[in-house]
Amino acid sequence: MSAASTVEPFGRRARSLAREPVAVPPVPLVDVARLTSRQVREIARDPEVQGIAPVMPISLIRPFEVASAQAATSAWGIKAVKADTSDFTGAGVTVSVLDTGIDASHPAFQGVDIIQRDFSGSGIGDVQGHGTHCAGTIFGRDVNGTRIGVARGVGRALIGKVLGDDGSGDSDMIFKGIQWAVQEGAQVISMSLGFDFPGLVASLIADGWPPELATSVALEAYRGNLRMFDALMEMVEARAAFSAGTVLVAAAGNESRRDQNKDFEIAVSIPAAAQGIISVGALGEKGATLDVAPFSNTFPQVSAPGVNVLSAKRGGGLVAFSGTSMATPHVAGVAALWWEALKDTPTGIAAAAVSAKLLATARTDVFTPEVDPADRGLGLVTSP
């Protein structure tokens, strides 16, 4: 038997920073360069390099608009995750939203220390309104007497604009956004975005690539970026030895179409599919119970309200959207509540403990009988 082995162009040797003793906290460093195939192989052998992947397009997970006549008049998700009866508000917790930016002048964010950083090249601010809506669900203050925020006691928010004004970006932006948020002390990071595999294939074909080659290259890029996420998450976990760590949550995606065919289900995509990231599916009301949204991708770890969700509207006021993008900030908000709840425990708080609580306390007694566990994960997240 030959001892020679083959590796993928963007593969990496199995290694776990999280298990190796380190004297100083590892600092994730993400860089971009044009490389030849030979250079890729040479760099992949460097023990200081934890992962290497082609830059790949990402995009916001576009929500579905709710007709004004059917729009919710209250944020029903607050009650569903039991934030309305929780003794905690998220006070003292730092939350990061990596999205399209934020309308920092919105009344929902009055009194919050908002730190903005642009990774998209479009400048700070939110043209899409997507990031504003997500931030409102996590830590928004009441607007004209209507509660929209799960953790409305959060006082510090790190807003990384990783998607441009057109809602698109690339993997370099999200990797650098995570790096920045972790170094700035984010305890919770919320990401309602996804990697655009079909978009990359279409782009390559438009550039004259044969469909078979375009698909193969896009698949390799997808696999490489998944491994890149895994490497970055190992470094995030390793930093937990020097700090409390960070909980990352991400949207499962909106590509399923159960309303057209019950078997039309798409699996969770990256970043939600990466190790160490809590993936989130979307739920809607069905009488006194909850049902999985027809668009919500399957195999999430947990689920949360994601249909007809009322939150902050760019420019002022409130607006209702549907999507796993809307479910994800509910989980991020509940995570902030658990951070506060666990801070005085004898064992001390850590990201692993918060994640464990999120998963262990998810409820399954709220669903319609026909809901498939694969579609709702461990259940509906619940506030402490």
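**Q** Before we move on, could you go through the overall build of the chain and cite the residues and values that matter?
**A** Scanning the chain for helices and strands turns up nine helices and 14 strands. Relative to its length of 384 residues, the chain is compact, with a C-alpha radius of gyration of 20 Å against a globular reference of 21 Å. Along the three orthogonal principal directions, the C-alpha set of the chain runs to about 65 × 50 × 45 Å. Within the chain, the proportion of its 384 residues that are buried is 53%. By sequence separation, contacts in the chain at least 24 residues apart represent 77% of the contacts at least 6 residues apart. When the accessible area of the chain is evaluated, it comes to approximately 16,800 Å², of which 53% is carbon and sulfur surface. With 31 positive and 39 negative side-chain charges, the chain shows a separation of 3 Å between the mean positions of the two kinds.

**Q** A description of the sheet that holds strand β6 (residues 168-170) should follow, citing residues and the corresponding values.
**A** Ordered by their spatial adjacency, three strands build an open sheet running β6-β1-β8, and the pairing between neighbours is antiparallel. Looking along the sheet, the strands with just one partner apiece sit at the ends: β6 and β8 (193-195). Sheet twist, expressed as the mean angle between neighbouring strand axes with direction ignored, is 30°.

**Q** Lay out the sheet that holds strand β14 (residues 318-322) in plain terms, naming residues and giving numbers.
**A** The three strands are arranged β2-β14-β13 in an open sheet whose pairing can be described as antiparallel. Each having just a single partner strand, β2 (64-65) and β13 (309-312) make up the two edges of the open sheet.

**Q** Lay out the environment of L283 with the relevant residues and their values.
**A** Looking at the element boundaries, L283 is found in strand β10 (residues 277-286). According to the relative accessible area criterion, L283 is buried, its value standing at 0%. In this structure, the C-alpha to C-alpha distance between L283 and A327, residues 44 residues apart in sequence, is 7.5 Å. Setting aside residues up to four positions removed in sequence, L283 forms contacts with W76, L290, D291, V292, A293, S303, A304, P305, G306, V307, F367 and L380.

**Q** So, the packing of helix α3 (residues 130-139) against helix α7 (residues 324-342): which residues are in play, and what are the values?
**A** Running from N to C, α3 and α7 cross one another at 35°; their axes reach a closest spacing of 8 Å. Relative to α7, α3 is oriented so that their crossing is right-handed. For the pair α3 and α7, contact is made by H130, H133, C134, T137 and I138 and by S325, M326, P329, H330, A332 and G333, respectively. Counted by class, the contact of α3 with α7 contains five nonpolar, six polar and no charged residues.

**Q** Pulling in residues and values, what's your account of the side chain of R147?
**A** Residue placement: R147 occurs in the loop between α3 and β5 (156-161). Of the side chains with opposite charge, D142 comes closest to the buried, unpaired R147, at an N-O distance of 5.1 Å. Separated by 3.0 Å, the side chain of R147 and the backbone oxygen of G149 make a polar contact. Looking at R147, its side chain comes within polar contact range of the main-chain oxygen of V150, at 3.1 Å.

**Q** Pulling in residues and values, what's your account of unusual backbone geometry?
**A** A cis amide bond, omega 10°, links I270 with the succeeding residue P271. Summarising the element assignment, P271 is placed in the loop between β9 (247-251) and β10. One non-glycine residue with positive phi stands out, namely N144, at about 50°. By secondary structure assignment, the location of N144 is in the loop between α3 and β5. Although it is not a glycine, F299 sits at a positive phi angle of roughly 70°. Counting through the fold element by element, F299 comes out in the loop between β11 (289-292) and β12 (302-305). Here F299 falls in the exposed class, since its relative accessible area comes to 55%.

**Q** Which residues make up the nonpolar core, and what values do they have?
**A** Core analysis: the largest hydrophobic core is formed by 56 residues, its most contacted members being F109, F139, V247, V331, L358 and V381. The greatest single-element share of this core, amounting to 10 residues, is contributed by α7. When sequence neighbours within four positions are dropped, the list of residues in contact with F139 reads V97, I102, A108, F109, V112, A151, R152, V154, A157 and I159. Core analysis: the next-biggest nonpolar cluster, separate from the first, contains 41 residues, I174, A221, Y222 and L232 among them.

**Q** Explain the pairing of strand β7 (residues 188-191) to me, using residue names and the numbers behind them.
**A** Both faces of β7 are covered, namely the face carrying V188 and S190 and the face carrying I189 and M191. Direction of pairing for strand β3 (residues 94-99) relative to β7: parallel, over a ladder of four bridges. Across the sheet, the residue bridging to V95 is V188, located in β7. Examined bridge by bridge, β7 and β9 share four bridges and lie parallel to one another. Across the sheet, residue S190 finds its bridge partner in β9, namely V249.

**Q** Before we move on, could you go through the side chain of N297 and cite the residues and values that matter?
**A** Tracing the chain through its elements places N297 in the loop between β11 and β12. Once residues lying within four places of it in the same chain are set aside, the contact partners of N297 are A252, G253, N254, E255, S256, R258, I266, A267 and V268.

**Q** Describe in detail the pattern of salt bridges, supporting the description with residues and values.
**A** All chains considered together, the criterion is met by 11 salt bridges. One salt bridge in this structure joins D172 and K176, with 3.5 Å as the shortest N-O distance. You can see D172 and its partner K176 sitting in helix α4 (residues 171-183), four residues apart, about one turn around the helix. Measuring nitrogen to oxygen at the nearest pair gives 3.8 Å for the salt bridge that ties E220 to R223. Note that E220 and R223 are positioned in helix α6 (residues 211-239) at a spacing of three residues, about one turn of the helix. What makes E220 buried here is its relative accessible area of 17%. Residue classification places R223 among the partly exposed residues on the basis of a relative accessible area of 31%. Salt bridges here are not isolated pairs; linked through shared partners, they connect R258, E265 and D375.

Parameters at a glance
Residue numbering note: each chain is counted from 1, following its sequence as written. Since the coordinates come from a predicted model, pLDDT governs what is reported: local features require at least 70, and pairs of side-chain atoms require 80 or more to be given and counted, while whole-chain, interface and lining totals use all residues. Side-chain figures throughout are based on the complete set of non-hydrogen atoms in the structure, without hydrogens or water. Runs of E in the DSSP output that reach at least two residues are strands. Runs of H or I that reach at least four are helices, and both are numbered from the N terminus. Put simply, the radius of gyration uses C-alpha atoms, and a globule should come to 2.2 Å times the residue count raised to 0.38. Burial classes: relative accessible area under 20% of the type maximum marks a residue as buried, over 50% as exposed, and values in between as partly exposed (1.4 Å probe, protein chains only). Contacts are residue-level and defined by heavy atoms, with any inter-residue pair within 4.5 Å sufficient. Shrake-Rupley sampling with a 1.4 Å probe provides the accessible areas, and residues are treated as covered by the protein chains on show and by no other component. Positive residues here are Lys and Arg, negative ones are Asp and Glu, while His and the chain termini are left out of the count. Taken as the charge centre is NZ of Lys, CZ of Arg, CG of Asp or CD of Glu, depending on the residue. Note on pairing: DSSP must find at least two bridges between two strands before they are called paired. Here the axes come from fitting lines to C-alpha atoms, over the contacting stretch only for helices, and the angles between their N-to-C directions go from 0 to 180 degrees. Crossing handedness is defined as follows: a turn of the near helix away from the far one that is anticlockwise and smaller than a right angle gives a left-handed crossing, while the clockwise case is right-handed. In this classification, the charged set is Asp, Glu, Lys and Arg, the nonpolar set is Ala, Val, Leu, Ile, Met, Phe, Trp, Tyr, Cys and Pro, and all remaining amino acids, among them Gly, are polar. When a carboxyl oxygen of Asp or Glu is within 4 Å of a side-chain nitrogen of Lys or Arg, the pair counts as a salt bridge. N or O atoms within 3.5 Å of each other form a polar contact, as long as, within protein, one can give a hydrogen and the other can take it, and as long as residues adjacent in sequence are counted only when both atoms are side-chain atoms. The definition of a nonpolar core used throughout is a set of buried Ala, Val, Leu, Ile, Met, Phe, Trp, Tyr and Cys residues joined through side-chain atoms within 4.5 Å.

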